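# Results of the structural survey
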Amino acid sequence: MITFTPLSGAAGTIRSTPLAYLLQVDDVRILLDCGSPDWCPEPSPEDVDVDAAPAAPSWEKYCDALKECASSVDLVLLSHGDLSHTGLYPYAHAHWGLTAPAYTTLPVQAMARIAATEDVESIRDEQPVEGTLEASALSSGVDGSASPPANGTSPSPPSDSPPVSYAGKHKYVATIQQVHDAFDSVNVLRYSQPCHLQGKCQGLTIIPFNAGHTLGGTIWKIRSPSAGTILYAVDMNHMRERHLDGTVLIRQASAGGGVFESLARPDLLITDAERANVTTARRKDRDSALLDCVTATLSSRNSLLLPCDSSTRVLELLVLLDQHWNYSRLKYPICLLSRTGREMLTFVRSMMEWLGGTISKEDVGEDGAGHGRDRRRRDEDNDDEALGAFALRFRHLEFFPSPQLLMQTYSSKEPKLILAVPATLSHGPSRSLFSQFAEIPDNVVLLTGRSEPGTLGRLLFDKWNNSQREEAKWDRGRIGSNIMMDGELRLEMHSKVPLQGAELEEFLAKERALREKEAVQQAALARSQRMLEADEGQSDSDSDSDNDSDDSEENEVERTLGDDLMDTTDEVKRAREGPNASSRSGTKRKRGDGGGGDGADWALGNDPDDGVTRISFDIYLKGHVAKTTSFFKSAEGQTQRFRMFPYVEKKRKVDEYGETVDVGMWLRKGRVLEEDAEDEEAKEARRRKEEEEAKKAPREPPSKFVTSIAEVQLACRLFFVDLEGLNDGRAVKTIVPQVNPRKMILIHAPQAATESLIESCANIRAMTKEIYAPAQGETVQIGQQTNSFSISLSDELLASIKMSRFEDNEVGYVTGRISNLATATIPVLQPVSLGSLQPQTHNPLPVEARILGSRARQPLPQSTMIGELKLTALKTRLAQVGVQAELVGEGVLICGAAAKKGASADALQESVAVRKTARGRVELEGSISDVYYKVRKEIYALHALVAA
């Protein structure tokens, strides 16, 4: 049985992103994509109203559902490398227990890592994430309920501190280390590489295929022995682009067209219908409109701002602009405003085998001539491994990690083309630059995508689309015109500024107090651990006094631990030697406390009632000596009695290999021995090296987050060109019927597009009528629950099976008896004789009368033929063996001499007719001849024959 639940990106909703779906095949739970929403949407009217209760963020329902099911997921499949498909995976992997095996292609893994890194750095550099205010207050040692400063700012916490929840909008943003750890754990596959899963997913096979749209974009084919073939195909593009080939789902016209055979007729197709009612303009017209706008703006000494993503679709823009710059010999700079831009291009140049379109390993463009090969230019970081085609060298491209550095290099009056991330303009460099860029007249903001609903990018797109004529809107297959923006736009700007004056002094004082407190705690913990190890060594020595090796080990531990063990050994010796030793040990302890050399001593204090044990006892007993009356009087009067408790019993942990070893103790002992073995020069060199590394590492100054409202006077122009690289409605409505699935689930689409695709499929008679469009959180069940069992075949039985090959499988017929052997963990199927297989009935049927002397009737074994005969394939095979065949009528193939034109009546004796009368039924009619046996042999060869 198949169960499908959209966690986010369902059909029939306005918010079709991010994408995350839970697919359950029998008992295996598969998470299809794990995208993240835009964490910084524009304030809604409910948020602006001070009196109204704060509305829950749009992503809360999705995140709660993913958090609930993350730990039970058995498999994760990622299809594209952008944030809408993979953005939330690092956080869920680190915090919600999403540690199931994850699979994707190598480019998707790298692009997703780059996109997540850019998003995480940009958000954490501007605003607190998930209770940063409380986290910083707690880490500074102040009360978490203390009110923030009047301007609503707070010092930034350490980057690796765990997020703390707070009342308000939760932003589930991972740290940089969590991003790298999550994507390092992802398994990578090549296109068309089958992967047979193990463990709980045993029996499932996953195969990735090219989906287009993004580098490494994947269509997932999931094969299950019980549920059949499942195809997960979202965000596809059948058109060939400048840096990518189209999807393999539909072959190009030059290759004969049609659907790729391995992906045809799946049992279930899960696909998106986001653009089912959209008609896209021709790519030639779109490219021409974009380049004309760029050239006209730069020629008029103005600048352009192109918001873009950080990893996937920006590649198509860069290749298009670079080719135009080379062809038109433009000298204006192309500025990429991204922290990870250089890293992204370095990786892409090493993945040339994944690229397509006009990009290849050969040189292209003006520099593609033979004399240009000697002038290959390396990266500015001198990375020799990053060499690729000249089409990816981008000679006119410059990288800037921040808007401040861009403004220092080029003034606002110089004409330039700026590519800034993110494409949604919700945070980061693109938002910061837009607030200044939009106030300059005749500058152009050029949008290449619609962005997520609720973001500034979508608001600008809606403003442009609403200003167009009805026939020139973006989904009518026409190219619109740019518009002049006017009016005022209020933007909420977030930034992080260094602390100064009294704020800085207060923060440093709290930080210093926190460090001292942490040092005391660490010293106390280390001391407790060392005392525990010493106690264990002492108890071992007492329990086995005859063992000299234990004594020597105890002495070695005492020498290693040094002075920190003195308190413990004094207590033990005083308990052994009696009351006369108590005064000496007490004097020694007081002298040590007065010296103030050990930070843990003055922290613990001298009061024996401070609640802290001096030795690692199971039960803390207040005081060490008890003065109690005894039943037996002594001559000297009342004497002191020592308590027999505490007694430390060493609890040994034992596994299948014996007693476990405390690795930490041996590592610490090894470090101490290594430090003792070093001479003074080596210690001094190591200390200097550590100091130099500490100086090289840039330490971020104490800072605070500031939120301000910017009043932007809009004076620039706004233009939109669709370069999202996705199938439009005509392509979707053509490809889906050709795939011809048995069942289909529609996702990732607004209501109008969903209804449009369902209506289009309903008009096709051969198309399935089982089409589902579940809402967010709604569960769809397909098929029935099946149970699968494992059984082992004995060697004798396996040797007797005759296997027949059918497609990618081998099929055989087997009969046996199930036995539970003591030496086997699963049941074993063993061969049996035919006599023992006869059914034993208490009321046998009456024996049929037979003629005297005749033999008894014996049932013949039945054979099964698996496969579907195609007459065209049979005709091709017959031609290879020299038998001529022709199709006459529907479902009839004439083979032999009668297939020739002008054949005589005698030729019918050497002819055979093959008819398909019903599904699974083939009739072979003709005279007994060589042709008959040849045709029958070829028919058998096209099937898998399973003999009983």
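Since the structure is predicted, the reported quantities are computational estimates derived from the model, not experimental observations. (Residues numbered from 1 in each chain as written. Predicted model: local features only at pLDDT ≥ 70, side-chain atom pairs only at ≥ 80, totals over all residues. Heavy atoms only, no water.)

Before going further, it helps to examine the overall build of the protein. Within the protein, the secondary structure is distributed over 25 helices and 38 strands. Taking all contacts inside the protein whose residues are at least 6 apart in sequence as the whole, residues at least 24 apart take part in 71%. In the form shown here, the protein has an accessible surface area of approximately 51,700 Å², with 51% of it arising from carbon and sulfur atoms. (Helix = DSSP H or I, 4+ residues; strand = E, 2+ residues; numbered from the N terminus. Contact = heavy atoms within 4.5 Å. Areas by Shrake-Rupley, 256 points an atom, 1.4 Å probe, with all protein chains shown as cover.)

This brings us to the pairing of strand E8 (residues 205-210). The buried fraction of E8 amounts to six of the six residues, a majority that puts the element mostly inside the structure. With burial as the criterion, each face of E8 is covered, one bearing Thr-205, Ile-207 and Phe-209 and the other bearing Ile-206, Pro-208 and Asn-210. Here two bridges tie strand E7 (residues 195-196) to E8, and the two strands are oriented antiparallel to one another. Across the sheet, the residue bridging to Cys-195 is Ile-206, located in E8. In this structure, E8 lies alongside strand E9 (residues 218-224), joined through six bridges in antiparallel fashion. (Buried < 20%, exposed > 50% of the residue type's maximum accessible area, 1.4 Å probe, protein only. Pairing = 2+ DSSP bridges.)

Turning to the sheet that holds strand E13 (residues 334-337), a few remarks are in order. The seven strands are arranged E14-E13-E15-E12-E16-E24-E17 in an open sheet whose pairing can be described as mixed. Strands at the two margins of the open sheet, each flanked by one partner only, are strand E14 (397-400) and strand E17 (483-484). Pairing geometry for strand E12 (residues 304-307) and strand E15 (residues 417-420), over four bridges, is parallel. If you follow Leu-305 over to E15, its bridge partner there is Ile-418. Strands E12, E13, E14 and E15 of the sheet are contacted by helix H9 (residues 314-328), whose axis makes an angle of about 165 degrees with E15. (Axes fitted to C-alpha atoms, helices over the stretch in contact; angles between N-to-C directions.)

Taken together, Val-661, Val-663, Trp-666 and Leu-667 make up a surface patch of nonpolar side chains, about 410 Å² in accessible area. The class of Val-661 is exposed, set by a relative accessible area of 57%. (Patch = residues over 30% accessible without salt bridge, like charges linked within 9 Å, V, L, I, M, F, W, Y side chains within 5 Å. Salt bridge = Lys/Arg side-chain N within 4 Å of Asp/Glu carboxyl O.)

The mixed open sheet is built from seven strands, whose spatial order is E7-E8-E9-E10-E11-E25-E26. Each edge of the sheet is formed by a strand with only one pairing partner; in this case those strands are E7 and strand E26 (771-772). Alignment of strand E11 (residues 268-272) against strand E25 (residues 744-747), held across four bridges, turns out to be parallel. Of the residues in E25, the one forming a bridge with Asp-272 is Ile-747.

Attention now moves to the packing of helix H21 (residues 729-739) against helix H22 (residues 751-762). Where H21 contacts H22, the axes come no closer than 10 Å and their chain directions differ by 45 degrees. One element, H21, and the other, H22, form an angle in the oblique class. For H21 against H22, the interelement crossing comes out right-handed. Packed against H21, whose contacting residues are Val-732, Lys-733 and Val-736, the element H22 presents Ser-756, Leu-757, Ser-760 and Cys-761 at the interface. Of the residues belonging to the contact of H21 with H22, the class tally is four nonpolar, two polar and one charged. (Parallel < 35°, antiparallel > 145°, perpendicular 65-115°, else oblique. Left-handed = near helix turned anticlockwise from the far one by under 90°. Nonpolar A, V, L, I, M, F, W, Y, C, P; charged D, E, K, R; others polar.)

Let us look at the pattern of salt bridges. Pairing between side chains of opposite charge can happen when their charged atoms approach one another. For the structure on display, the rule yields 30 salt bridges. The partner of Glu-471 in a salt bridge is Arg-469, and the shortest N-O contact between them spans 2.9 Å. The exposure class assigned to Glu-471 is partly exposed, which follows from its relative accessible area of 40%. By relative accessible area, which is 56% here, Arg-469 ends up exposed.

Leu-290, Leu-304, Val-348, Leu-419 and Phe-434 are the most contacted members of the largest nonpolar core, which totals 77 residues. Counting residues per element, this core draws most heavily on H9, at eight residues. In this structure, Leu-78, Leu-88, Ala-92 and Val-179 belong to the second largest nonpolar core, which totals 36 residues. (Core = buried A, V, L, I, M, F, W, Y, C linked by side-chain atoms within 4.5 Å.)

So, on to the packing of H9 against helix H10 (residues 341-349). Packing of H9 against H10 brings their axes to within 12 Å, and their N-to-C directions diverge by 80 degrees. The angle between H9 and H10 places the two elements in the roughly perpendicular class. On the side of H9, the interface is formed by Val-314, Leu-315 and Leu-318, while H10 contributes Met-344, Leu-345 and Val-348.

Let us now look at the packing of aromatic side chains. Any two aromatic rings considered together are summarised by their centre-to-centre distance and by the angle between their planes. Applying the stated criterion across every chain, the model contains 17 aromatic pairs. When the ring of Trp-39 is compared with that of Trp-59, the centres are 5.1 Å apart and the planes differ by 80 degrees; the resulting orientation is edge-to-face. Placement of the pair is Trp-39 in the loop between strand E3 (28-32) and helix H1 (45-48) and Trp-59 in the loop between H1 and helix H2 (60-69), with a sequence separation of 20 residues. Given a relative accessible area of 4%, Trp-39 falls into the buried group. Joined through ring pairs, the aromatic side chains of Trp-39, Trp-59, Tyr-91, Trp-96 and Tyr-172 make up one cluster. (Phe/Tyr/Trp six-rings, centres within 6.5 Å; stacked < 30°, edge-to-face > 60°.)

Judged by how many residues are buried, strand E35 (residues 892-896) sits mostly within the fold: five of five residues are covered. As defined by bridge partners, strand E34 (residues 885-887) adjoins E35 across three bridges and the pair is classed as antiparallel. Note on E35: the bridge partner recorded for Ala-885 is Cys-895. Hairpin geometry of E34 and E35 is characterised by an intervening segment of four residues between the two adjacent antiparallel strands and by a positive phi of about 75 degrees at Gly-889.

Tracing the chain through its elements places Thr-346 in helix H10. Given the relative accessible area of 17%, Thr-346 is considered buried. Within the structure, the side chain of Thr-346 is placed 2.8 Å from the backbone oxygen of Arg-342, a separation counted as a polar contact. (Polar contact = N/O pair within 3.5 Å; in protein donor to acceptor, adjacent residues only side chain to side chain.)

For the peptide bond that leads from Thr-17 to Pro-18, omega is 0 degrees, which places it in the cis range. Here Pro-18 shows up in the loop between strand E1 (2-8) and strand E2 (20-25). Here Val-421 and Pro-422 are connected by a cis peptide whose omega angle stands at -5 degrees. Its location among the elements puts Pro-422 in the loop between E15 and helix H12 (428-437). With phi around 60 degrees, Leu-425 is a residue other than glycine that occupies positive phi space.

Moving on, we get to the state of the cysteines. Considering all chains together, one arrives at zero disulfides under this definition. The thiol sulfur of Cys-195 is not disulfide-bonded, and the nearest other cysteine sulfur, from Cys-201, lies at 9.9 Å. (Disulfide = S-S within 2.5 Å.)

With 73% of its residues at a pLDDT of 70 or more, the protein has an overall mean of 78. Taken together, the stretch residues 131-168 has pLDDT below 50 and engages in 47 contacts with residues farther than four places along the chain or on a different chain. (pLDDT = per-residue confidence, 0-100.)

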